[in-house]
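Report on the structure
Now for the letters of each chain:
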Amino acid sequence: MNLLVRSAKIIDSNSKHHLQTKDLLIENGEIVKISSTIKNPGKIPEYKADNLHVSPGWVDMQANFGEPGFEPKETIESGLQCAIAGGVTNVLLMPETNPVNDSVSTTEFILKKSLNSPVNLMPAGAISKGLLGTELSEMFDMNQAGVSAFSDYKRGLKNSKLLQLALQYSKSMNALILQQPFDSNLTGNTQVNEGAVSVRLGLKGNPVLSEVLGLIRDIKIAEYCESPIHFSIISSAEGAEIVGEARKKNSFITAGTSPAYLHFSDENIQAFDSVHKVFPPYRTHPDKAALIKALKKDIIEVICSDHSPQDDEHKALEFEYAAYGITGLETLFAASNTVLRNHISIVDIIAKISANPRRILKLNPATIEQGNQADLTFFDPDLEWEFSKSHVKSKSKNTPFIGHKFTGKALAIYNKKKFVTC
């Protein structure tokens, strides 16, 4: 689709047009002209909006759709609609499906299902067969089929030798290992953060020590292999401090977090509402403040949705028995911008959902320049709105943000020669 964009402020530090308000002419998927004013060369559709901003398309580095195998929670189609609603043009899809994405056939199934979408779906391969942590998956074959990132998602890798092998193989393939850092011997069947709230409620607590020990082990193995590793979710002040010290020595160590850990703390679970049951658990108010500080200092470079749909059968239960996870694709930018806008510039917020994940995943930077393919997200960083059930595109409704007032909203995306409003 051809498109003429009117008066959009460009947020792209790699572009010579950064922070300038310009018209953009897109023909056959290519940005053919950027200028202060562009005369419509024909009957090309025009797009304009109040306070319109544009950046390279947003990238979510951790989402779970469920299909194949868990379609009642989410299908690839419904997950892609969540991405569009959130202004995301590229999604790294976790391998916790049935069958697990540990082979070429499952990878190809996922890629085929997303061919016609304006969203690029990037299947992450499982590190271990069946996510069991005992034997490496078909990493080389999956890499040949287009997989450039591997993860055992929330299960992590308990076997240090297996993690070492995975890091060595991924380095040879120029691929990325993603880890959720924790010591499973300390987490067990925990429900919430270990602390005053868990004691008061009588719930088994997950200690910050688990994240700390997981990080120390994984960082040491990555340093030994001199291989990139990305920690998908950092939840604690101590975790952020360890990552910060490691990054002083090794730039190939990167980390992310999710908006939920910036909005909520363990105080929010006192009503035993299972929508707040996540892994790792919400920590304390000082941990929230430390995560914001780590984002400001670029110790944590990425914000991901951690989109984890759960149907009522698994979520609408007593807190102790409910599944972990919340959805987040629809609210990735809005929730991030709302809590961070008074601490971090809009340029840096966008970098954490666009430029930084693109660099870490070795994706095309999608710089907004003439002659480049258009992979764009349009947004208004100042729009005030309330997130309601009508905004939920997921098959599952397990989001804690219904009823929340946000500042900042995705408006539209352009990618793969398609233009879609959010």
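Our structure's up above, just so we're on the same page.
Residues numbered from 1 in each chain as written. Predicted model: local features only at pLDDT ≥ 70, side-chain atom pairs only at ≥ 80, totals over all residues. Heavy atoms only, no water.

**Considerations on the overall build of the protein**
Secondary structure summary: the protein contains 14 helices and 18 strands in total. Relative to a compact globule of 422 residues, whose C-alpha radius of gyration would be 22 Å, the protein shows 21 Å and is just as compact. Across its three principal directions, the C-alpha atoms of the protein cover 65 × 45 × 45 Å. Relative to its 422 residues, the protein shows a buried fraction of 61%. Taking the contacts inside the protein whose residues are at least 6 apart along the sequence as the reference set, 75% of them involve residues at least 24 apart. Per element, the accessible surface of the protein, about 16600 Å² overall, is 49% carbon and sulfur. Seen as two clouds, the 45 positive and the 47 negative side-chain charges of the protein have centres 5 Å apart. (Helix = DSSP H or I, 4+ residues; strand = E, 2+ residues; numbered from the N terminus. Rg over C-alpha atoms; globule rule 2.2 N^0.38 Å. Buried < 20%, exposed > 50% of the residue type's maximum accessible area, 1.4 Å probe, protein only. Contact = heavy atoms within 4.5 Å. Areas by Shrake-Rupley, 256 points an atom, 1.4 Å probe, with all protein chains shown as cover. Lys, Arg positive; Asp, Glu negative; His and termini not counted. Charge placed at Lys NZ, Arg CZ, Asp CG, Glu CD.)

**Observations concerning the environment of Met-1**
Take Met-1: it is sitting in the segment before strand E1 (3-10). Under the relative-accessibility criterion, Met-1 is labelled partly exposed at 40%. Those residues within four positions of Met-1 in sequence are excluded, and the remaining contacts are Ile-26, Pro-45, Tyr-414, Lys-417 and Phe-419.

**Comments concerning the sheet that holds strand E9 (residues 149-151)**
Within a sheet, neighbouring strands are paired by backbone hydrogen bonds and run either parallel or antiparallel to one another. Across the sheet, which stays open at both edges, the 5 strands sit in the order E9-E10-E13-E14-E15 with parallel pairing between neighbours. Each end of this open sheet is capped by a strand with a single partner; those strands are E9 and strand E15 (302-303). Two elements, E9 and strand E10 (residues 176-179), share 3 bridges in a ladder whose sense is parallel. Among the inter-strand pairings, Ala-149 is bridged to a residue of E10, identified as Leu-176. (Pairing = 2+ DSSP bridges.)

**Considerations on the sheet that holds strand E7 (residues 88-93)**
Taken together, the 3 strands give an open sheet; going across it, the order is E6-E7-E8, and neighbouring strands pair in parallel fashion. At either margin of the open sheet sits one strand with a lone partner, and together these are strand E6 (58-63) and strand E8 (120-123). Along the sheet, successive strands turn relative to each other by an average axial angle of 20°, direction set aside. (Axes fitted to C-alpha atoms, helices over the stretch in contact; angles between N-to-C directions.)

**Examining the pairing of strand E17 (residues 405-415)**
Across the 11 residues of E17, 10 count as buried, placing the element largely inside the fold. Relative to E17, strand E16 (residues 376-386) runs antiparallel, the two being bridged by 8 bridges. Bridge pairing in E17 links Phe-379 to Ala-410. Bridge count for E17 against strand E18 (residues 418-421) is 4 bridges, and the pairing is antiparallel. Following the sheet pairing, Ile-413 is matched in E18 by Val-420. What sits between the antiparallel neighbours E17 and E18 is a turn of 2 residues, in which Lys-416 has the positive phi angle 55°.

**Considerations on a nonpolar patch on the surface**
Together, Leu-186, Leu-209, Leu-213 and Ile-216 make up an exposed nonpolar region whose accessible area comes to about 300 Å². For the nonpolar patch, the element with the highest residue contribution is helix H7 (residues 208-225), accounting for 3 residues. Residue class for Leu-186 comes out partly exposed when judged on its relative accessible area of 31%. (Patch = residues over 30% accessible without salt bridge, like charges linked within 9 Å, V, L, I, M, F, W, Y side chains within 5 Å. Salt bridge = Lys/Arg side-chain N within 4 Å of Asp/Glu carboxyl O.)

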